[in-house]
Amino acid sequence: MRPDSDTLILYLMHRPALINYAAPIVGCRARAEDVVQEAYLRFVQVARDEKVLQPVAYLYRIVRNLAVDWVRRLGAEVREDAGTAEPLAADTPSPEDEVLYRDELRRLAEALAELPETTQRAFTMHRFDGLTLQVIADRLGLSVAGAHRLVRDALAHCARRLGDD
């Protein structure tokens, strides 16, 4: 990947999605745009020095890390301004949240069970095992486009089923 025009084209193609990804984390679309801009600058620096094998995934990781860092900094500043060190929220969900999460997980499993086995396997390998579409395609004997289609179809089906309520 050439770090000049290819990097810019890749960034511009994914910029709206990256902003949509960062906005819920930082809680503000304007700040999300700042985070994505900063992520691009860091991405360009790395792309000049070394080959990035999965540039889109790497861009998303940079955006997430910057967004989380921003939220942490803001939280620390707010606590400092308040003059008290407020305790952080517990990492464990409340019993009510746990029931909701389990129900949602059950519904997701039911939605996946409605799909053909190959589609289920592709989705599971991609979303839960973190495998790339190329690896999934190789393991299932498909093209990368075919693996992408299976994952996309499964995701759309699950989203529809979970969104029915």
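Calculation notes
Residues numbered from 1 in each chain as written. Predicted model: local features only at pLDDT ≥ 70, side-chain atom pairs only at ≥ 80, totals over all residues. Heavy atoms only, no water. Buried < 20%, exposed > 50% of the residue type's maximum accessible area, 1.4 Å probe, protein only. Helix = DSSP H or I, 4+ residues; strand = E, 2+ residues; numbered from the N terminus. Arc of directions from axis to C-beta. Contact = heavy atoms within 4.5 Å. Core = buried A, V, L, I, M, F, W, Y, C linked by side-chain atoms within 4.5 Å. Salt bridge = Lys/Arg side-chain N within 4 Å of Asp/Glu carboxyl O.

Turning to helix α6 (residues 133-140), a few remarks are in order. Listing the buried residues of α6 in full gives Ile136, Ala137 and Leu140. For α6, the buried positions fall inside an angular range of 100° around the axis, keeping them on one side. Pointing more than 90 degrees away from the buried face of α6 are the exposed residues Asp138 and Arg139. Directly beyond the C-terminal end of α6, a positive phi value near 70° is found at Gly141.

Residue pairs three or four apart in sequence face the same way in an α-helix, which turns once every 3.6 residues. Considered for burial, the residues of helix α5 (residues 117-127) that qualify are Thr119, Ala122, Phe123 and Met125. For α5, the buried positions fall inside an angular range of 165° around the axis, keeping them on one side. Those residues of α5 hidden inside the fold are in contact with α4 (95-113), α6 and α7 (144-163).

On to the nonpolar core. Counting 21 residues, the largest nonpolar core has Val26, Ala32, Val35, Val36, Phe43 and Val63 as its most contacted members. For this core, the elements supplying multiple residues, two or more each, are α1 (5-26), α2 (29-49) and α3 (55-82). The residues touching Val35, leaving out its near neighbours within four places in the chain, are Val26, Val63, Leu66 and Ala67. Membership of the second largest hydrophobic core comes to 9 residues, among which are Ala122, Leu131, Ala137 and Leu150.

Scanning all chains against the criterion turns up 8 salt bridges. Put simply, Glu110 and Arg106 hold a salt bridge, and the shortest N to O gap is 2.8 Å. Residue Glu110 and its partner Arg106 are located together in helix α4, separated by 4 residues, close to a single helical turn. Residue Glu110 is classed as partly exposed on the basis of its relative accessible area, which comes to 37%. When its relative accessible area of 40% is taken as the criterion, Arg106 is described as partly exposed. Across the pair Arg152 and Asp153 runs a salt bridge whose closest N-O atoms are separated by 3.2 Å. The exposure class assigned to Arg152 is partly exposed, which follows from its relative accessible area of 44%.

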